[in-house]
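Results of the structural survey
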Amino acid sequence: PIMTALLAWVVIGERWHWNEFLSAGTTILGVTFVAMPGLLTAHAVSTGQGISWRHDLGVLLTLCTSAYTAVMFIFIKLLGTRLKVHFVAVTMFNGMVVSVLSFVASFVFGFFTGEYPFWLSRDDWCLALVVSFLSVASQLCMIWGMQREKSALGSVVGQGVGPNSAFILQIFFLPNEPIAGSTLAGFGIIFVGLVIAVYGKWYRERQEQKILPTTDKTYHQLEG
């Protein structure tokens, strides 16, 4: 969300609001709690020993993913607002590109990391198809929303809904999985950030609706 908001401000001139600042900050704090399960019990101290190059590469790739996602959000916004490209066309093009690149990347990174590609069973293929359809539906909703909402707010809401939805699904479908106290706290903080983002937008639109009727009335009085 931070990178998306910065790029949106620089590239298309979107202004930040207090709810987006606060929501992005709480999201980062919540992710910190989730990523460090022993944070509340003071067992999350790391000495830095035993960290391999793969760990550093993973951190670098994670940062690159955040930057690429921010750029993608900005391009989706530009395609819908300035170039007037229909969101279904954007979804189809995005799906085709992802299908081709993911197939190539699976082989490249598979050989690079030593985890070579393997053949899937029939059940695995069926599950993969279901996940693919869900992914397309998710992309369709995301693109439709991003073309109609501010990039920063859309990114904050998307990053907040995803983890909380996954957490709820884990409770229902994987009830035996252990959940640390810091994980609960982290998801709670992320949810608070999501509420702040949505409430800020609702409050701002409500204030604008109160101003617009007064402005229109004054305009008609002057015109008369």
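Residues numbered from 1 in each chain as written. Predicted model: local features only at pLDDT ≥ 70, side-chain atom pairs only at ≥ 80, totals over all residues. Heavy atoms only, no water.

**Some details on the packing of aromatic side chains**
The line we're drawing: Put simply, two rings from Phe, Tyr or Trp (the six-membered ring, in Trp's case) pair if the centres are within 6.5 Å, and we call them stacked under 30 degrees between planes, edge-to-face over 60, tilted for the rest. Counting from the N terminus, the helices are the DSSP runs of H or I reaching at least four residues and the strands are the DSSP runs of E reaching at least two. Whether a residue is buried, partly exposed or exposed follows from its accessible area with a 1.4 Å probe, protein chains only, as a fraction of its type maximum: under 20%, in between, or over 50%, in that order.
For the coordinates displayed, the defined rule picks out three aromatic pairs. A centroid spacing of 4.4 Å and a plane angle of 20 degrees characterise the contact between F167 and F187, whose relative ring orientation is stacked. Taken together, the residues span a long stretch of sequence, with F167 in helix α6 (residues 151–173) and F187 in helix α7 (residues 181–223) at a distance of 20 residues. Like F187, F167 is buried. Summarising the aromatic geometry, the rings of Y199 and W202 are spaced 5.7 Å apart at their centres and angled 40 degrees between planes, so their arrangement reads as tilted. Taken as a pair, Y199 and W202 lie in helix α7 at a separation of three residues, close to a single helical turn. Every member of this aromatic cluster is reached through a ring pair, and the members are Y199, W202 and Y203.

**Digging into the side chain of K77**
Counted only if it meets this: Contacts: residue pairs with any heavy atoms within 4.5 Å of one another.
Mapped onto the secondary structure, K77 falls in helix α3 (residues 53–81). Overall, the relative accessible area of 11% leaves K77 in the buried class. Not counting residues up to four positions away in its chain, the partners in contact with K77 are I12, E14, M146, Q147, R148, E149, K150 and S151.

**Considering α6**
For the record, the criterion: Each residue after the first adds 1.5 Å to the expected span of a helix.
Given a rise of 1.5 Å per residue, 23 residues ought to cover 33 Å, and the 32 Å separating the end C-alpha atoms of α6 matches this to within 8%. Among the residues of α6, those classed as buried are S151, A152, L153, G154, S155, V156, G160, N164 and F167.

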